[in-house]
Amino acid sequence: MNEAMSPENGIHIRGRLTLYPESGTCDVIFEAAPVLQGATTAVSYRLNGRGKQLSLRGPGMSYGIGQAEVELSRADGHIRLDWRLRPHQGLDLWLEVTNVGDQPVQVDELRVLTLSAEDGALELGAPAGKWSVYQNGWQSWSPTFARHADNGTYVDPQNEDYRIKHQPHPPVEGISSEWVTVITPRPPLSQGQGMMSLLVGFVTAADQLAEVRLSLGDGPAFARLEAVCYADGVTLQPGERLFSEQLTLACGKDPLALLENYAARLGETMRARQPESPLTGWCTWYYFYGENAAADVLANLRIIEEERLPLDYVLVDDGYQAAIGDWLNVDTDKFPAGMAALARQIKAAGRRPGIWTAPFGVEADTPLVTAHPDWLLRDEAGEPVVAWTHMGRGPIYALDLTHPQVQARLTDTFRTMRQEWGYELFKIDFLFAAALPGRRHDSQTTRAQALRQGVSIIRQAIGEDAFLLGCGAPLGPCVGLVDGMRIGPDVAPNWKPFWQDLSMPSMENALRNVLTRTFAHNRWWANDPDCLLIRTRDDESDLKLNEMRTATTLIGLSGGLAFLSDNLVTLRRGRLKYLRQILPPLGEAARPLDLFENEMPRLLVLPIVRTWGEWVVVACVNWEDRTVSTRLELDALGLPAGRYHAYNYWRRRYLGQVESSLTIERHQPHETVLLLLKPVSDRPELLTSTFHIAQGAVEIADVAWQGTWEEKRTLTLRLEKGGEQYGQLLFAVPADYRVIEARVNGRRRRVSRIAAGVVGMGFTLRDVAHLELDFATQHATRAT
């Protein structure tokens, strides 16, 4: 630190900032420690085609200190840069760029925060080699996890398809995270004295794509931190002004809590939509892959009815349309009666129809492209931008969402599907195509704005009451418009991807993002973990039993959408129990406690609190290809000291009472051990339920006691769960008590001994059940 930047030469503001007017920088203070030292800001722009940059660093900076915020300013004769900082529990920052010259300028990058090791520092209490850095991918399918700074699993395939789909900005050395990152000393270091976790995140996302970039030097050592908004060359005429997105900085000991609090704030500023309950349904895609016909949909619909499966929606995915981009022109060979007739049949069966589109792309070899070449997004050479190559259809061009005729066609397409065809769920896929770089009809529209315009048009066309599900979507600009969002790559009936690409369809890749984006659920939208696949290995699947159970567990504990995508016609009926055990979705997401410790989180915890009891559901994943021994420390799960009942859900095994730790001796490859931990009581109580993986949180509607212990007390339970399902309830019965009689819907039912102090009873639940168990003390029993 140079002499001008010593604390003695700075201006201290509300315990959060120290300004250094001579150098044009500031320190950001948390818990009396300067976490960011020498922070500043800059803007990149063009004047008459020549690139320029204006930074606050250097002489000539002016500043003003108001009641709520601080303003730092500098001008170069062409533009004025105003850096606004608003201290609170954290610190909010944003830029204003004003054209103060007499010629237009084009703004490219707004560096809302920049920090360099050359004249500053990032101090978190641990060396950079021990940091964990949250990397949020650009769109739904992009790899997302907390990367280890010294080494890790991230792989860049370095091909054009990956670049288009997942890397929207110029490449940089280091780690790039879209909209937000958390940098933390890797647990357990993060809990040590003097350790600090830093969140850097944009809490608005409607107008500009944004990333946070961390570069590391040799060692590794901290080199550079930047938070950048992309203005995409928007022109400012003399006197015009441009604002960046708003950035927030926050520090704390719990990096996961920082991420969750950030998500809540962005959801609030973007007016996130939050559905009342997550959707359930059946989808055509992951068995038929576009080869299904209307007859296949109706055959599966019949089995949904026969099996009384509590699935609300039937989603017709890709394959009904004649061409990508020509959505109202239906393939009549496969859907001879049309899509409106199919929607009516779905509704007649008591379900709700859903439909898939990829609305921002158009198949290259179609009359639409020939008739309307001006509808396409173009590159600098004037060629159509290829957004992706579609399976069985070839290259797909990106549409220009700023073109009025494209907007009108979008409106007409989705209004027809909603009002004339009768669809109620709209899955809109490959949305990143709208935000690709290129020449647009309206050159003043940024990539983020083009995407948001397109999604807004669809929302207006389908109305507020229809469910809009995003997929393949850059996340930030969609908040406030979609009801649900895919958060990971496609699932697949194979565990590993076919080659080393973390975005490729595979069950492992999909589940990674399910765990690492839990924070978005119920804060930005309802998370869509993608579809459940429960079919056997002789029915178009390569998933082993443990892998299928792991997918069922993690999808179920995500709390979000629950859609099945097997062919019910060929599915073994015994496999339906796995589907039933995650329906309906709880709506709450389990927390990945080791998100910043392991690049593939292994530990999910879901605390359950009801008026009649409290317990914790724990999912422990073995991602290894070998059997391991796994030890769980109860205090690491956030449990207070005491004794707990332990139950292994998938093994249907009571493990006894545990006090400080629990060891899974033979934790098999790709197996998730799903546990219930419940405090031991000195009175009889419901221990667990096998009707749902949340083990009582969903299906137990009411629990009450009647009577006195001098004679007998009756435990009454009411269960409510749509459909028909066999399951078991377990009860803890301390040594001084015994069960006298049990009744289900008024009929006596046998109670079986499960283990010492534990009894159980099995029965078939059809929508609603009333249970009564009469208990007495051993003393009262002897007296009788």
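Residues numbered from 1 in each chain as written. Predicted model: local features only at pLDDT ≥ 70, side-chain atom pairs only at ≥ 80, totals over all residues. Heavy atoms only, no water.

> Got a minute to help me understand the overall build of the protein chain in this structure?
Check the secondary structure of the protein chain and you find 12 helices and 48 strands. Here the C-alpha radius of gyration of the protein chain, 29 Å, is about what a compact globule of 784 residues would show, namely 28 Å. Projected onto the principal axes, the alpha-carbon positions of the protein chain cover approximately 100 × 70 × 45 Å. Out of the 784 residues in the protein chain, the part that is buried amounts to 62%. (Helix = DSSP H or I, 4+ residues; strand = E, 2+ residues; numbered from the N terminus. Rg over C-alpha atoms; globule rule 2.2 N^0.38 Å. Buried < 20%, exposed > 50% of the residue type's maximum accessible area, 1.4 Å probe, protein only.)

> What exactly am I supposed to notice about the environment of Gly10 here?
Mapped onto the elements, Gly10 comes out in the segment before β1 (11–13). Take Gly10: its relative accessible area is 16%, and that puts it in the buried class. Discounting chain neighbours no more than four positions away, the residues touching Gly10 are Thr18, Leu19 and Tyr20. (Contact = heavy atoms within 4.5 Å.)

> Just to check I follow, could you spell out helix α5 (residues 338–348) for this structure?
One full turn of an α-helix is made of 3.6 residues, so residues set three or four places apart face in the same direction. Listing the buried residues of α5 in full gives Met339, Ala340, Ala341, Leu342, Ala343 and Ile346. Turning to α5, the residues buried within the fold contact α4 (294–306), β22 (313–316), β24 (326–330), β25 (352–357) and α7 (404–421). Directly beyond the C-terminal end of α5, a positive phi value near 85° is found at Gly350.

> Sorry, what's going on with the state of the cysteines here?
One covalent bond between the sulfur atoms of two cysteine residues makes up a disulfide. Taken as a whole and assessed by the stated rule, the structure comprises zero disulfides. Cys471 forms no disulfide, and the closest cysteine sulfur to it belongs to Cys531, at a distance of 9.7 Å. The class for Cys471 is buried, based on a relative accessible area of 1%. (Disulfide = S-S within 2.5 Å.)

> Which parts of the structure should I look at to understand the sheet that holds strand β28 (residues 394–398)?
Pairing between sheet strands relies on hydrogen bonds along the backbone, with the strands arranged either parallel or antiparallel. Reading across from one edge, β26-β28-β27 is the order of the three strands in this open sheet, with antiparallel pairing throughout. The sheet terminates laterally at β26 (361–363) and β27 (386–390), the two strands that pair on one side only. This sheet shows a mean twist of 35° between the axes of neighbouring strands, independent of strand direction. (Pairing = 2+ DSSP bridges. Axes fitted to C-alpha atoms, helices over the stretch in contact; angles between N-to-C directions.)

> Which parts of the structure should I look at to understand the pattern of salt bridges?
Oppositely charged side chains are able to pair whenever their charged atoms sit close together. On inspection of all chains with the given rule, the structure shows 50 salt bridges. The salt bridge partner of Arg224 is Glu226, with a shortest N-O separation of 3.3 Å. Between Arg743 and Glu772 there is a salt bridge whose closest N-O contact spans 3.1 Å. One end of the pair, Arg743, is in strand β45 (residues 737–744); the other, Glu772, is in strand β48 (residues 758–777), and 29 residues separate them in sequence. It is possible to trace a salt-bridge network through shared partners that takes in Glu69, Glu71, Arg84, Arg86, Glu96 and Arg241. (Salt bridge = Lys/Arg side-chain N within 4 Å of Asp/Glu carboxyl O.)

> Sorry if this is basic, but what is going on with the packing of aromatic side chains here?
Each aromatic ring pair is summarised here by two numbers: the centre-to-centre distance and the angle between the ring planes. By the definition in use, this model includes 24 aromatic pairs. With centroids separated by 6.4 Å and ring planes inclined at 50°, the aromatic side chains of Tyr134 and Phe596 adopt a geometry described as tilted. In this pair, Tyr134 is assigned in strand β12 (residues 131–135) and Phe596 in the loop between β34 (591–592) and β35 (603–610), connecting sequence segments 462 residues apart. Using a relative accessible area of 0% as the deciding quantity, one classes Tyr134 as buried. The exposure class assigned to Phe596 is buried, which follows from its relative accessible area of 3%. Taken together, the ring pairs connect Tyr134, Tyr262, Phe519, Trp524, Trp525 and Phe596 into an aromatic cluster. Over the ring of Phe145 we find Arg512, and its NZ or CZ is 6.0 Å from the ring centre. (Phe/Tyr/Trp six-rings, centres within 6.5 Å; stacked < 30°, edge-to-face > 60°. Lys NZ or Arg CZ within 6 Å of the ring centre and 35° of its normal.)

> When you look at the nonpolar core in this model, what are you seeing that I'm missing?
With 245 residues, the main nonpolar core has Trp83, Leu122 and Leu225 as its most contacted residues. In contact with Leu122, not counting residues within four places along its chain, are Val35, Leu36, Leu115, Trp131, Ile183, Leu198, Phe222 and Leu225. (Core = buried A, V, L, I, M, F, W, Y, C linked by side-chain atoms within 4.5 Å.)

> Explain the packing of α4 against α5 here, please?
Helix-helix packing: each pair is described by the crossing angle between the helix axes and the interaxial distance. In contact at an axis separation of 11 Å, α4 and α5 are set at 5° when each is read in the N-to-C sense. When the axis of α4 is compared with that of α5, the two are roughly parallel. Of the residues in α5, those touching α4 at Val297, Leu298 and Leu301 are Leu342, Gln345 and Ile346. Broken down by class, the residue content of the contact of α4 with α5 amounts to five nonpolar, one polar and no charged. (Parallel < 35°, antiparallel > 145°, perpendicular 65-115°, else oblique. Nonpolar A, V, L, I, M, F, W, Y, C, P; charged D, E, K, R; others polar.)

> I tried to follow the confidence of the model for the protein chain on my own but got confused; where do I start?
When pLDDT is low, close inspection of the predicted coordinates is not appropriate. Counting all residues, the mean pLDDT for the protein chain is 95, and 98% of those residues have values of 70 or more. Predicted confidence is poor over residues 1–5, with pLDDT under 50, and the contacts of this stretch with residues over four places away or in other chains come to 13 contacts. (pLDDT = per-residue confidence, 0-100.)

> Which parts of the structure should I look at to understand the pairing of strand β20 (residues 247–252)?
Note on strand geometry: in a regular strand, side chains alternate between the two faces of the sheet. Burial analysis of β20 places five of its six residues in the buried class, which makes it a mostly covered element. With three bridges connecting them, strand β9 (residues 91–99) and β20 associate as antiparallel partners. Bridge pairing links Leu93 to Leu247 in β20. Here strand β16 (residues 197–202) pairs with β20 via six bridges, running antiparallel. Within the sheet, the bridge partner assigned to Leu198 lies in β20 and is Cys251.

> Which parts of the structure should I look at to understand the sheet that holds β22?
A sheet is described by the order of its strands in space; here eight strands give the open sequence β32-β31-β30-β29-β25-β22-β21-β33, paired in parallel fashion. Two strands lie at the open edges of the sheet, namely β32 (526–528) and β33 (562–564), each paired on one side alone. On average, each strand axis in the sheet is tilted by 25° relative to the strand beside it, whichever way the strands run. Packing of α5 onto the sheet brings it into contact with β22 and β25, and relative to β25 it is tilted by some 145°.

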